[in-house]
Amino acid sequence: MLRSHVIRAVFQRNFWSYFSGVIGYLFIVAFVLIGAVLAFQEEFFTDNVANLDKLNNYFPQLLLFIIPAITMGAWAEERKQGTDELLFTLPVSDLEVLLGKYLAVAAVYSVVLVFSLANCLVLEWIGEPDWGLILATYLGYWLSGCALLGVGMVASYLTNSTTVAFVLAAVLCAIPVMIGYLPMPVFLSQWIGHDRLFDQLSLPYHFAQLGRGFFPMTSLFYFLSLIVFSLYVNLILIGQRHWSGGQQGSTMGWQFLVRAVCVGLMLFSANAVLANIRWQPDLTTERLYTLTPTTTKLLSQIDDKRPVTIQAFISKDVPREYVPVRTMLLGMLSQYQSRGRGNIVVRPVEVAPFSQEADEARQYGIEPRQIQSERGGRVQVDDVYLGCVVNSGASEVVVPFFDTAIPIEYELTRSIRTVSNEKRRKVGILETDAKINGGFDMSSFRSNPEWRIVTELKKQYDVETVSPAGPIDDTKYDVLIAVLPSSLNDQQMANFVDYVKKGKPTLIFDDPLPAFNPGMAPKQPKPRPGGMMGQQAPPEPKADGGMATSLVNLLDIQWIYDQVVWADTVSLIHPEYADVVRPEMVAISPKSGLESAFNLNNKVTSGLQELLLFFSGTIQPRKGSKLKFEPLLRTGEDSGLLDWDDFIQPGFFGNVDINPNPIRHIDDDAHVCAAYIHSEEKAADKIDVIYVADSDIISDWFFMVRERRMYGLDLDNVNFVLNSVDFLAGDEDFIDLRKRRGKHRTLTSVEEATADFVKESAIEREKAAEAANKKLEDAKASFKEKVKKIEDDKSLDPVAKIQQLAMAQQEEQRRVDVEQAKIEQEKEREIEQIRAKTERKVREIENRFFALSVILPPIPALVLGLIVWFRRLQNEQREVPPTRRRTK
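Figured I'd write up the structure that's included with this text. (Residues numbered from 1 in each chain as written. Predicted model: local features only at pLDDT ≥ 70, side-chain atom pairs only at ≥ 80, totals over all residues. Heavy atoms only, no water.)

**A few points about the pattern of salt bridges**
Item 1. In total, this model carries 24 salt bridges according to the counting rule given.
Item 2. The shortest N-O distance in the salt bridge between E96 and R3 comes to 2.9 Å. One end of the pair, E96, is in helix α7 (residues 94–116); the other, R3, is in the segment before α1 (4–18), and 93 residues separate them in sequence.
Item 3. Judged by relative accessible area, which is 1%, E96 ranks as buried.
Item 4. Accessibility expressed as a relative area gives 33% for R3, which makes it partly exposed.
Item 5. A salt bridge links D733 to R417, with the nearest nitrogen and oxygen atoms 3.3 Å apart. (Salt bridge = Lys/Arg side-chain N within 4 Å of Asp/Glu carboxyl O. Helix = DSSP H or I, 4+ residues; strand = E, 2+ residues; numbered from the N terminus. Buried < 20%, exposed > 50% of the residue type's maximum accessible area, 1.4 Å probe, protein only.)

**Focus on the environment of L288**
Item 1. If you trace the backbone, L288 turns up in the loop between α15 (249–274) and α16 (293–300).
Item 2. Residue class for L288 comes out partly exposed when judged on its relative accessible area of 26%.
Item 3. Along the backbone, L288 and R740 are 452 residues apart, and their C-alpha atoms lie at a distance of 7.4 Å.

**Re the nonpolar core**
Item 1. Counting residues in hydrophobic clusters, the biggest one holds 83 residues, and the most contacted among them are F59, I66, I70, Y102, Y109 and Y141.
Item 2. Setting aside residues up to four positions removed in sequence, Y109 forms contacts with F59, L63, I66, I67, I70, Y141, W142, G145, C146 and L149.
Item 3. In terms of nonpolar packing, the next biggest core, distinct from the first, is built from 68 residues, V565, A567, Y676 and L713 among them. (Core = buried A, V, L, I, M, F, W, Y, C linked by side-chain atoms within 4.5 Å. Contact = heavy atoms within 4.5 Å.)

**Concerning the packing of aromatic side chains**
Both the distance between ring centres and the angle between the ring planes are used here to describe each pair of aromatic rings.
Item 1. Counted according to the given criterion, the structure contains 21 aromatic pairs.
Item 2. Taking the centre distance of 5.6 Å and the plane angle of 15° together, the rings of F11 and F15 count as stacked. Of this pair, F11 and F15 both sit in helix α1, separated by four residues, roughly a single helical turn.
Item 3. For F11, a relative accessible area of 25% corresponds to the partly exposed category.
Item 4. Its relative accessible area of 11% is what places F15 among the buried residues.
Item 5. With centroids separated by 6.4 Å and ring planes inclined at 20°, the aromatic side chains of F27 and F166 adopt a geometry described as stacked. Here F27, found in helix α2 (residues 22–39), pairs with F166, found in helix α10 (residues 162–178); they are 139 residues apart in sequence, far enough to count as distant.
Item 6. Using a relative accessible area of 22% as the deciding quantity, one classes F166 as partly exposed.
Item 7. In this structure an aromatic cluster arises from ring pairing among F31, F59, Y138, Y141 and F207. (Phe/Tyr/Trp six-rings, centres within 6.5 Å; stacked < 30°, edge-to-face > 60°.)

**Remarks on the side chain of D562**
Item 1. When you line up the elements, D562 lands in the loop between β13 (557–559) and β14 (563–567).
Item 2. The class of D562 is buried, set by a relative accessible area of 16%.
Item 3. Here the side chain of D562 touches K523 through a polar contact of 3.4 Å, side chain to side chain.
Item 4. In this structure D562 touches P512, K523, L642, D643, W644 and F647, once residues within four positions along its chain are discounted. (Polar contact = N/O pair within 3.5 Å; in protein donor to acceptor, adjacent residues only side chain to side chain.)

**Here we look at unusual backbone geometry**
Item 1. We note that K435 has phi near 50°; this positive angle belongs to a residue other than glycine.
Item 2. For K435, the location among the structural elements is in the loop between β7 (426–430) and β8 (439–441).
Item 3. Take K435: its relative accessible area is 27%, and that puts it in the partly exposed class.
Item 4. For A548, which is not glycine, the phi dihedral falls at a positive 50°.
Item 5. Structurally, A548 can be placed in the loop between β12 (506–509) and α22 (549–555).
Item 6. Using a relative accessible area of 1% as the deciding quantity, one classes A548 as buried.

**Points about the pairing of strand β16 (residues 611–614)**
Item 1. Side-chain alternation along β16 places L611 and L613 on one buried face and L612 and F614 on a second face that is also buried.
Item 2. Summarising the sheet, strand β15 (residues 585–588) and β16 pair through four bridges and their orientation is antiparallel. Across the sheet, the residue bridging to M585 is F614, located in β16. (Pairing = 2+ DSSP bridges.)

**Observations regarding the sheet that holds strand β6 (residues 395–399)**
Item 1. Spatially, four strands are ordered β2-β1-β5-β6 in an open sheet, and the strand pairing comes out mixed. Edge strands, defined here as strands with exactly one partner in the open sheet, are β2 (344–351) and β6. For this sheet, the mean angle separating the axes of adjacent strands, direction not counted, is 15°.
Item 2. Strand direction decides the pairing type here: strand β1 (residues 308–315) and strand β5 (residues 386–392), joined by six bridges, are antiparallel. From the neighbouring strand, Q311 faces β5, where its bridge partner is V389. (Axes fitted to C-alpha atoms, helices over the stretch in contact; angles between N-to-C directions.)

**Observations concerning the environment of V672**
Item 1. Within the secondary structure, V672 sits in strand β22 (residues 672–678).
Item 2. Through-space distance from the C-alpha of V672 to that of A693 is 8.6 Å; in sequence the pair is 21 residues apart.
Item 3. Apart from residues lying up to four places away in sequence, V672 is in contact with G617, T618, I619, F629, P631, L633 and R634.

**Points about the environment of Q61**
Item 1. In this fold, Q61 is placed in helix α4 (residues 53–71).
Item 2. Considering only alpha carbons, one finds Q61 and A174, 113 residues apart in sequence, at a separation of 8.0 Å.
Item 3. Excluding its chain neighbours within four sequence positions, the residues that come into contact with Q61 are V177, M178 and Y181.

**Focus: a nonpolar patch on the surface**
Item 1. A cluster of nonpolar residues, W125, L852, I855, L856, I859, V863, L864 and I867, forms a patch on the protein surface that exposes about 650 Å² of accessible area.
Item 2. Tallying contributions element by element places helix α30 (residues 859–879) first for the nonpolar patch, with four residues.
Item 3. Its place among the elements puts V863 in helix α30. (Patch = residues over 30% accessible without salt bridge, like charges linked within 9 Å, V, L, I, M, F, W, Y side chains within 5 Å. Areas by Shrake-Rupley, 256 points an atom, 1.4 Å probe, with all protein chains shown as cover.)

**Quick word on the packing of α4 against helix α9 (residues 131–157)**
Item 1. α9 packs onto α4 with a crossing angle of 40° between their chain directions and a minimal axis gap of 9 Å. Crossing hand, α4 versus α9: right-handed. In this structure, α4 contributes L55, N56, F59, L63, I67, I70 and T71 to the contact, and α9 contributes T137, Y141, S144, G145, L148, L149, G152, M153 and S156.
Item 2. When the residues that make up the contact of α4 with α9 are grouped by side-chain class, the tally is nine nonpolar, seven polar and no charged. (Left-handed = near helix turned anticlockwise from the far one by under 90°. Nonpolar A, V, L, I, M, F, W, Y, C, P; charged D, E, K, R; others polar.)

**What to know about helix α13 (residues 203–211)**
Item 1. Counting buried residues in α13 gives seven out of nine residues, a clear majority hidden from the surface.
Item 2. Positive backbone phi, approximately 115°, marks G213, located one or two places after α13.

**Quick look at the sheet that holds strand β18 (residues 628–634)**
Item 1. If you trace the seven strands from one edge of the open sheet to the other, you get β10-β7-β11-β12-β23-β22-β18, paired in mixed fashion. Both outer strands of the open sheet, β10 (462–466) and β18, are each paired with one neighbouring strand and no more. Within the sheet, the average angular offset between the axes of one strand and its neighbour, ignoring direction, is 20°.
Item 2. In the sheet, strand β11 (residues 479–483) pairs with β12 via four bridges, with the strands oriented parallel. By the bridge assignment for β12, A482 is matched with I508.
Item 3. Strand contacts of helix α21 (residues 490–501): β7, β11, β12 and β23 (688–692), with the helix running at about 135° to β12, the strand carrying the most contacts.

Right, dumping it as structure tokens:
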């Protein structure tokens, strides 16, 4: 039976001995300093997220330094001084001594982590960290270290030199840390059926789960197994003194080796069995991995006579970045089945390329996604299956692929609701020149694909095309979507306006310059209808010349069809893109400095974090309007408007080119880019419209960004559109679920410190553009004066005047061209200097934060170490007899 007082005595002796000297504190200072450098490196400020992800990437490797530093003296120092023999002659058992020493090194490691908590204080100082995520991360730090402490103690027992023990411990600890980076032998992968064994046996694989904010039981079993196995090996090494010198010493050695292997196999088997337990507590603040009430309510309402089947086609092996998606998908499916009361049947299918399962997946429309990854030092392309089919009776919904940024719970819950309900709501797509429903284009004689927004809507609604050529049925559709209604002709516009006037829910997207096709701008003529051998009919005129006057009059708003909004919000929120993104690409976010960028009182926009608009227009209510006008999207106050002639210049073949450097004037208004416009409850005319002054917001590009968080962007464009449809259709079950995600926790202190410089930079660039334009106008004015002088010269006959005017024009044009090129070069040089100045100031601020972030964390350990050192010197001075002390 274990005696607690013996374990406590061994623990106290070893624990306090580590802190009795200065060396221990030096290791702590070094560990905390290195951790701070890794946590707050340059990429930390570029990502602008207040978490410890950068440190997490290197933490398992950092353990190869601190674990040997803590454990190197656990046994080696005892053996060097000969106190191990004295220790084992006491009336104590080997296990009691081992547990006392292990608890001591675990306590020392815990103290080291306590000192590193200064990193968390730095995060709180410069940003808004998720403390639930930080808790999970530090739990991962602690368990990872505790799992390796036993390994370090094994190395310490093998030598009586602390230096050798340090090196040997680093080598042994590197096995579980680095094994995941080794390629698996082909014969072994064929034998066990997959090539992820080494990865699953690695410590970084299990630590990464906690670093994301949840606590899988499989990872806990892994860490406990590593602790148990390493302590068992320690126990064998300690006990070898009892049998190593006997007649059967060699036999006993082999016997204990077999025992150790058997213990390892038992633990390995236990982990393989327990891997089926998918319970993983969610430690994040927003509980991102917990089923929402919407989902649990839906699962409880499924009809017993119409069970839902979910067939998940999942690759056995996926690239490293898709491992969390696969794990989360399997975990979510397990929770759906357990909460479904027998009405949810889950069939996970492991798919290998060219297998029967792969053929079955293709029959459902699930194709493999080719993903490039690096494994074993080689770059390879994998065919990955991560899709599912949800069906109930004859209803079926297919999710082709769960990408890294796709909300799994939302996709599964929406699909279940869609197939379990016999009747779907209906959405109509108005047929306009945008042709978002796809189909054959007579003007180009080619077939256009269906836009992704239509495909997305079909997962929840019945979707059909609506022709505006005749009256629109006002009883058929729950929501009507109109993209670029300004492209309609007079009769089509009249039919559409009549439909909206009846108070039917309508979602409108119009745009002064659609980036997906600038030729469809309201100010441009309609495309020709096509024809053979050049026999094209003339284009139809647009209603009201593209100004959609009858529509905006009905909505009682002001929309200028050839005016776009600009704002420097992208350079403020994403400074890394300041040099490549035009101000006409406007980021809508409270981070722009405008708290009301999103309407927090409307379900469509409450909870959104960031949208991106391309060449958007603006709308505002007319004075005296009787309709309620609720702004949904607003730009920052440092913004302005550009007229068509300011940002558009003629191109070849009648196309339009965008002026790269128009003159922009700040008007200090927060412009409205989208609004909910509706009638009062008792009004005779019923209007129920969401009007968005940008059509690019629903383009396919934003779906690609949403799925993979391309360019580091986490945009809500797709969510905004889907929320708008649900809101107008009266189907609000998924709005909260769709917006459910972690708060974008940025480095607020850094943003506040750099915001002024970004604003000053925008103002200086505007002044530089105005100065360059003034110089160019002056150069052109000189030519006009010379022309006027020739025209007023009465001594010249008409022919001489024409000749001199032609010569003057050629000469002045050459001079103006040279002057214009010179002015443009000077302007670009000045703008580049402004940009470099701003970049230097931003870097100075970030470097200042970096310096403080690195210097502050080690200070507590350093101060405590100095205190211990001075006290030790004082104690040594007191113990020296006065006769032996030096005198001046």
